[in-house]
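# Summary of the model geometry
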Number of protein chains: 2
Amino acid sequence: MRIFVDAMGGDNAPKAIVDGTLEALRNHSQLSVVLAGDLSQVEPLLKDAADVRDRIELVDAPEVITNDESPVMGVRTKKKSATVIGMLQLREHQVDGFVSAGSTGAVLAGGMFRLGRIPGIERPALAPVLPNGINQGSLLIDCGANVDCKPDYLLQFGLMGSIYMRDCMNIAEPRVGLINIGVESDKGNALVKETYPLMEKAPYHFVGNVEAREITNNAADVLVCDGFSGNLVLKFMEGVAGSLMGIIKKEIMADTRSKIGALLAKPAFRRVKHAMDYTEVGGAPLLGVQGAVVKAHGSSNAHAFACAIRQCIRIIDADVPGTIARGVDGLVQS
Amino acid sequence: MRIFVDAMGGDNAPKAIVDGTLEALRNHSQLSVVLAGDLSQVEPLLKDAADVRDRIELVDAPEVITNDESPVMGVRTKKKSATVIGMLQLREHQVDGFVSAGSTGAVLAGGMFRLGRIPGIERPALAPVLPNGINQGSLLIDCGANVDCKPDYLLQFGLMGSIYMRDCMNIAEPRVGLINIGVESDKGNALVKETYPLMEKAPYHFVGNVEAREITNNAADVLVCDGFSGNLVLKFMEGVAGSLMGIIKKEIMADTRSKIGALLAKPAFRRVKHAMDYTEVGGAPLLGVQGAVVKAHGSSNAHAFACAIRQCIRIIDADVPGTIARGVDGLVQS
């Protein structure tokens, strides 16, 4: 199995990316990688990698699509970027998967225009796992690839998410929920009201509407919503958790008794941080494109990036794109 | 000043509602109230209220619009409910304001169909304050009255929120932000992309897009969004805070050292709970209707309900509906 890695993407690139790739190579003896980036920066990082060096192919990719430029223009013009080279290699079956911690927009645009959609899939979707501290967490689909959605897109998101959670996360019959402002079937905006009856007929385990207050309460394994709402949810979760931890810190430092108490409770707080840490999960699969694509979190450290590669391996092993292609045929759309 | 109180609305009615009303009467010597509900339940609760009894008028309202029925049907048919009687009294200027902790849908429908919109206002909006632990919190408008919105609605929400925060919360020049998935002006779904240029020309202090991770970080005094997104934000905040506190509790109980630490830090945790407690704020004003209407939280205790009445007093004192009516005239819509 061969995975293409964008060595230059992410806040801690290329060091964390290369280290994470080496960790993955050491964990998976069948894995080989194409490591693409600015080779003058990448090569020196491989000096202690003699044990896996024969499973690394280096590709020079001097261009980088940054967060500050139009992703669509980027993948159109920057042909020497890792994103474009990797997506084309994936399309030509020279590699089996693609992992990047770089610009989300570039990965989406590259997946859409360089790699291509699975026939029948209206819109590929980005699907991170939201931790809940209870089990493996819930897959949030879509989290920002499609800000304006139609009911059929959401119907398909449910299918793709269900296949991913079943085949890559070992959940026998994933519960698919529709994020909504009430549990009753007649609640919500026009989009979700039209989506609900379609999902009722879908060949996956639809469990109805999920209210926002239940999102982190293991109400479903797959949480479906449009990309605008999904992105709100994803970023607001970060915001609320951060604010709450900030308030806790402030209040704890406000009196000596609490301060001592907090020092004693430090191991517990470390575990809390770990439980809510979504970098642990690796990254978000881009589902609906013709290949295994994982977008690792921009702030990935080496271990998080190794987890993202492991996720890509699972997608390849389970042939998620093939299963989605077969599944979409059986979907009754509006 | 005379305020109509729905004695039967909310999880703790009528006891908490009556007690809260008595607290408000004792705090505000100029206040008189109309207390409407099932009088066989309400009257016994007034036995220790001799000091303010002359400022309470009792009105028999035997019908209740529950959360389980269609609010629109409810306000149409249940003419002996507190919501309908109160909204009609407000419309006839027999009272100056209306406060209820009952069905949100009934308050919205009653405000819309029994009281009526301010001329020029497209859609009234419900606007709770989100606590942030930093200052008075940010007004979230709309939080669920309008699940499908047009750019002009959002433009008007900004105006109404800005007037409320200026005239009732003493913020000289409230910062109005548009909730979005990125800070750049070209980010977002079709709705927010069309709203942005309208807000740039609006006669209030528009500070641009606010990303969800900044919502609880005092990024703006007024946070504008459609009611679907606003309801997600409001309920997800509850959910995340609850989940996080749950995880913290679980981890703290997992080892003895942390357990002792948590006992010591108890005063700090009490202050945290207080800082994040939005029942403290009172309730959410329904802005855009022809009168001062406050929806208190369904779980209001007596003090929270007294705060909701205080909020209604401020809206009346500042003549928020009148200011909105004058302000909407100057708005350049799409």
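The structure reproduced in this document is the subject of the present report. (Residues numbered from 1 in each chain as written. Chains lettered and ligands numbered in written order. Predicted model: local features only at pLDDT ≥ 70, side-chain atom pairs only at ≥ 80, totals over all residues. Heavy atoms only, no water.)

### Some words on the overall build of chain A
The helix and strand tally for chain A stands at 12 helices and 12 strands. Taken over the C-alpha trace, chain A has a radius of gyration of 21 Å; the compact-globule value for 334 residues is 20 Å, and the two agree within 12%. Out of the 334 residues belonging to chain A, those deemed buried represent 60%. Surface summary for chain A: the accessible area is close to 13000 Å², and the carbon and sulfur share equals 50%. Both charge centroids of chain A, one from 34 positive and one from 38 negative side chains, sit 4 Å from each other. (Helix = DSSP H or I, 4+ residues; strand = E, 2+ residues; numbered from the N terminus. Rg over C-alpha atoms; globule rule 2.2 N^0.38 Å. Buried < 20%, exposed > 50% of the residue type's maximum accessible area, 1.4 Å probe, protein only. Areas by Shrake-Rupley, 256 points an atom, 1.4 Å probe, with all protein chains shown as cover. Lys, Arg positive; Asp, Glu negative; His and termini not counted. Charge placed at Lys NZ, Arg CZ, Asp CG, Glu CD.)

### Quick notes on the environment of Cys-307 of chain A
With respect to the element layout, Cys-307 of chain A can be found in helix α11 (residues 302-318). Considered as a pair, Cys-307 of chain A and Leu-223 of chain A are 84 residues apart in the sequence and their alpha carbons are 22 Å apart.

### Considering the interface of chain B and chain A
In this complex, chain B contributes 54 residues to the contact, which on the side of chain A involves 54 residues. It is Ile-181, Phe-228 and Phe-236 of chain B in chain B that bury the most area against chain A; as a group they hold 15% of the surface buried on that side. Our count for the chain B to chain A interface comes out at eight salt bridges. Among the ionic pairs, Lys-235 of chain B bridges to Glu-211 of chain A, the shortest N-O distance being 2.5 Å. On inspection of chain B and its partner chain A, the count reaches 22 residue pairs in polar contact (both at pLDDT 80 or more). Of all elements in the fold, only β8 (175-180), α7 (190-200), α8 (227-252), α9 (256-264) and α10 (266-275) of chain B reach the threshold of two or more residues within the side of chain B that touches chain A. (Contact = heavy atoms within 4.5 Å. Buried area = accessible area lost by both parts, 1.4 Å probe. Salt bridge = Lys/Arg side-chain N within 4 Å of Asp/Glu carboxyl O. Polar contact = N/O pair within 3.5 Å; in protein donor to acceptor, adjacent residues only side chain to side chain.)

### With respect to the sheet that holds strand β8 (residues 175-180) of chain A
Residues and elements named next belong to chain A. Sheet architecture is open: five strands sit in the order β6-β7-β10-β8-β9, paired in mixed fashion. Both outer strands of the open sheet, β6 (129-130) and β9 (205-211), are each paired with one neighbouring strand and no more. Where strand β7 (residues 138-141) lies against strand β10 (residues 222-224), three bridges are found, and the strand directions are parallel. Note on β10: the bridge partner recorded for Ile-141 is Val-224. (Pairing = 2+ DSSP bridges.)

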